Amino acid sequence: MKKDIFDSYAKSLAEKFDISLAEMFTKNNRQDIVDARYFLYFLCIERPIKISYIQKFMLDSGLKVGHSTVRYGYSKARKLISADSDYKQLINEITKD
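In short, a report on the structure. This is a predicted model, so every value here is computed, not measured.

One side chain can pair with another of opposite charge once the charged atoms of both are near each other. With the rule as written, the count across this model stands at 5 salt bridges. Put simply, Asp7 and Lys3 hold a salt bridge, and the shortest N to O gap is 2.9 Å. Within this pair, Asp7 and its partner Lys3 are both found in helix H1 (residues 2-16), separated by 4 residues, close to a single helical turn. For Lys3, a relative accessible area of 27% gives the class partly exposed. With its nearest N and O atoms 2.8 Å apart, the salt bridge here joins Lys56 to Asp60. Here the residue Lys56 and the residue Asp60 both occupy positions in helix H4 (residues 51-60), the gap between them amounting to 4 residues, near one helical turn. Looking at Lys56, the relative accessible area reads 44%, which means it is partly exposed. One continuous salt-bridge network, built from bridges that share partners, spans Glu23, Arg30 and Asp32.

What follows concerns H1. Helical geometry: 3.6 residues make up each α-helical turn, so side chains three or four residues apart lie on a common side. Counted at 1.5 Å a residue, the expected span for H1 with its 15 residues is 21 Å, and the 21 Å between its end C-alpha atoms agrees. For H1, every residue scored as buried is listed here: Ile5, Phe6, Tyr9, Ala10, Leu13 and Ala14. Buried residues of H1, seen end-on, are gathered within an arc of 165° and therefore sit on one face of the element. With respect to the buried face of H1, the exposed residues turned more than 90 degrees away are Asp4 and Glu15. If you follow the buried residues of H1, they end up packed against helix H2 (21-24), helix H3 (31-46), H4 and helix H6 (85-95). Within two residues after H1, Asp18 carries a phi angle of roughly 55°, on the positive side.

Bringing the nonpolar core into the picture now. Judged by nonpolar contacts, the single largest core of 35 residues is most densely connected at Leu13, Met24, Phe25, Leu40, Ile54 and Met58. The leading source of residues in this core is H3, at 11 residues. Ignoring sequence-local partners within four residues, the contact set of Ile54 consists of Phe6, Tyr41, Cys44, Ile45, Ile49 and Val70.

What counts and how
Residues numbered from 1 in each chain as written. Predicted model: local features only at pLDDT ≥ 70, side-chain atom pairs only at ≥ 80, totals over all residues. Heavy atoms only, no water. Salt bridge = Lys/Arg side-chain N within 4 Å of Asp/Glu carboxyl O. Helix = DSSP H or I, 4+ residues; strand = E, 2+ residues; numbered from the N terminus. Buried < 20%, exposed > 50% of the residue type's maximum accessible area, 1.4 Å probe, protein only. Expected span 1.5 Å × (residues − 1). Arc of directions from axis to C-beta. Contact = heavy atoms within 4.5 Å. Core = buried A, V, L, I, M, F, W, Y, C linked by side-chain atoms within 4.5 Å.

Rendered as structure tokens:
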């Protein structure tokens, strides 16, 4: 059940950031890919999905991430959302379904 939510968020974010799902789950530090992952962590934690599940789903998709990485990404996404109304609108669009 939570995996379906995770997959839905990942797909929506990949489309919005104009990246492929494969790119989202590769070890790549390009800013748009990193931001997409940060917003994925944010959406999942706000849902709420436990960090251990997020880590498992990320690993299942091909990218191993640590607990602190997920927490850091969540924090960065929160700051971006509070500072930029475009990001707030993006979150609202993805969660309205």
